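Observations on the model geometry
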Amino acid sequence: GQNIDQPTEMTATEGAIVQINCTYQTSGFNGLFWYQQHAGEAPTFLSYNVLDGLEEKGRFSSFLSRSKGYSYLLLKELQMKDSASYLCAAILSGGSYIPTFGRGTSLIVHP
Amino acid sequence: SQTIHQWPATLVQPVGSPLSLECTVEGTSNPNLYWYRQAAGRGLQLLFYSVGIGQISSEVPQNLSASRPQDRQFILSSKKLLLSDSGFYLCAWKSRDSGNTIYFGEGSWLTVV
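These lines cover the structure that appears in this document, whether it is placed above or below. (Residues numbered from 1 in each chain as written. Chains lettered and ligands numbered in written order. Predicted model: local features only at pLDDT ≥ 70, side-chain atom pairs only at ≥ 80, totals over all residues. Heavy atoms only, no water.)

1. Brief notes about the overall build of chain B
Note the following rule: For helices the rule is a DSSP run of H or I covering at least 4 residues; for strands it is a run of E covering at least 2, with both sets numbered from the N terminus onward. We compute the radius of gyration from the C-alpha atoms alone; for a globule the expected value is 2.2 Å times N to the 0.38, where N is the number of residues. Burial classes: relative accessible area under 20% of the type maximum marks a residue as buried, over 50% as exposed, and values in between as partly exposed (1.4 Å probe, protein chains only). In this description, contact between two residues means that some pair of their heavy atoms is separated by no more than 4.5 Å. Computed with a 1.4 Å probe, the accessible areas rest on the Shrake-Rupley method; for each residue, only the protein chains presented here act as cover. Only four residue types enter the tally: Lys and Arg on the positive side, Asp and Glu on the negative side; His and the chain ends are excluded. All charge positions are set by atom: Lys at NZ, Arg at CZ, Asp at CG, Glu at CD.
Helix and strand content of chain B: zero helices and 11 strands. Counting helices and strands in the order they occur from the N terminus, chain B gives β-β-β-β-β-β-β-β-β-β-β. The C-alpha atoms of chain B give a radius of gyration of 13 Å, which matches the 13 Å a tight globule of 113 residues would have. When its C-alpha atoms are laid out on the principal axes, chain B stretches across 40 × 25 × 20 Å. The burial tally for chain B puts 49% of its 113 residues in the buried class. Within chain B, counting contacts between residues at least 6 apart in sequence, those at least 24 apart form 55% of the total. For chain B, the exposed surface amounts to about 5,300 Å²; the carbon and sulfur share of it is 53%. The centroid of the 8 positive side-chain charges in chain B is displaced by 7 Å from the centroid of its 7 negative side-chain charges.

2. Remarks on the state of the cysteines
Note the cut-off: Throughout, disulfides are identified as pairs of cysteine sulfur atoms within 2.5 Å of each other.
Following the criterion strictly, the structure yields two disulfides over all chains and no others. In this model A:Cys22 forms its disulfide with A:Cys88; the gap between the sulfur atoms is 1.9 Å. Across the S-S bond linking A:Cys22 and A:Cys88, the dihedral sits near -70 degrees, which makes this disulfide left-handed. Within this pair, whereas A:Cys22 is found in strand S3 (residues 18–24), its partner A:Cys88 is found in strand S9 (residues 84–91), the two being separated by 66 residues in sequence. Since its relative accessible area comes to 0%, A:Cys88 is described here as buried. Sulfur-sulfur distance for the disulfide between B:Cys23 and B:Cys91 comes to 2.0 Å. Judged by the sign of its S-S torsion, about -75 degrees, the bond between B:Cys23 and B:Cys91 is left-handed. Of this pair, B:Cys23 sits in strand S3 (residues 19–26) while B:Cys91 sits in strand S9 (residues 87–94), and the two are 68 residues apart along the sequence. Like B:Cys91, B:Cys23 is buried.

3. Observations concerning the pattern of salt bridges
All names here are of chain A. Filter applied, for reference: One speaks of a salt bridge when a side-chain nitrogen belonging to Lys or Arg is within 4 Å of a carboxyl oxygen belonging to Asp or Glu.
On inspection of all chains with the given rule, the structure shows five salt bridges over all chains. Taking the shortest distance from any N to any O, the salt bridge between glutamate 56 and lysine 76 comes out at 3.6 Å. Of this pair, glutamate 56 sits in strand S6 (residues 53–57) while lysine 76 is found in the loop between strand S8 (70–75) and S9, placing the two residues 20 residues apart along the sequence.

4. Notes on the sheet that holds strand S7 (residues 64–70) of chain B
Sheet strands pair by backbone hydrogen bonding; their relative direction is either parallel or antiparallel. All names here are of chain B. Convention followed: Being paired, for any two strands, means DSSP has found at least two bridges between them. To define axes, lines are fitted to C-alpha atoms, for helices over the stretch in contact only, and angles between the resulting N-to-C directions are given on a 0 to 180 degree scale.
Pairing within the open sheet is antiparallel, and its four strands lie in the order S1-S3-S8-S7. Both outer strands of the open sheet, strand S1 (3–7) and S7, are each paired with one neighbouring strand and no more. Adjacent strand axes in the sheet meet at a mean angle of 15 degrees, parallel and antiparallel pairs treated alike. In terms of strand pairing, S7 meets strand S8 (residues 73–78) through five bridges, oriented antiparallel. Along S8, the bridge assignment pairs alanine 66 with leucine 76.

5. Concerning the environment of A:Cys22
All names here are of chain A. Taking relative accessible area as the criterion, cysteine 22 reaches 0% and is therefore assigned buried. In the structure, cysteine 22 is positioned 34 residues away from glutamate 56 in sequence and 17 Å away in space, judged by C-alpha atoms. Apart from the residues within four sequence positions on either side, cysteine 22 is in contact with Ile4, Asp5, Gln6, Leu32, Trp34, Gly69, Tyr70, Ser71 and Cys88.

6. Remarks on the interface of chain A and chain B
Put simply, the test is: The term buried area denotes the loss of accessible surface (1.4 Å probe radius) that occurs when two parts are joined, taken as the sum for both partners. What qualifies as a polar contact is a pair of N or O atoms within 3.5 Å, subject to a donor-acceptor requirement within protein and to the restriction that residues adjacent in sequence count only when both atoms come from side chains.
Taken residue by residue, the interface counts 18 residues in chain A and 20 residues in chain B. Roughly 1,400 Å² of surface becomes buried between chain A and chain B when both sides are summed, with 62% attributable to carbon and sulfur atoms. When residues of chain A are sorted by the area they lose upon contact with chain B, A:Ile98, A:Phe101 and A:Arg103 head the list and together hold 32% of the total. On inspection of chain A and its partner chain B, the count reaches zero salt bridges. Summed over the shared surface of chain A and chain B, the number is four residue pairs in polar contact (both at pLDDT 80 or more). For the side of chain A that touches chain B, the secondary structure elements donating two or more residues are strand S4 (32–37), strand S5 (44–49), S9 and strand S10 (99–101) of chain A.

7. What about the sheet that holds strand S7 (residues 60–65) of chain A?
Residue and element names in this part refer to chain A. Spatial strand order, S1-S3-S8-S7-S6: five strands in an open sheet with antiparallel pairing. Bordering the open sheet on either side are strand S1 (4–5) and S6, each of which pairs with just one other strand. Two elements, S3 and S8, share six bridges in a ladder whose sense is antiparallel. Across the sheet, glutamine 19 pairs through a bridge with leucine 74, a residue of S8.

And the structure:
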């Protein structure tokens, strides 16, 4: 997706911690989402950040810096089932509140 | 609680044939509705969105169309499919009254042969 950048692929070891970064254009910004998508399935909602800072939900945390146009998704105590694509999406157009999606980061967790 | 369903889950259609994918939302009124497409190796592309019955906005010019005949029903159609229409089609909804999060249906795999 235009104006949203995230790495294409990452690998990590079971039990470890991984951070998936996302950068976006700051003009018109109005919130950032993270979704998880397993192969062949629909995306499922993980988090939504609109204010600066870190939000934690169990093993997953999401961070936002509005001034830097930067977010990350932090996954702790990785499990094999965390192998999936992680989609960063930002509301960039102000009024319509429709998120623009990045191409996703494919995370491979190995034993 | 709110639920969203779309069907069919998979279909294989010949080039030039018509298409109809249907999506319904339960447990909410007057939602915003969306159709996205996800082609292999590419991100989610917004095709259409609707803020009410009969109100359709098109994001990408193509041979697809959308309709919203009822408040919680959204239909994606084509009169003549192209090979390039193959992909994973996702319907999604957002509450008009609370929050900006959109939620996706199960998806429909379309293969045009």
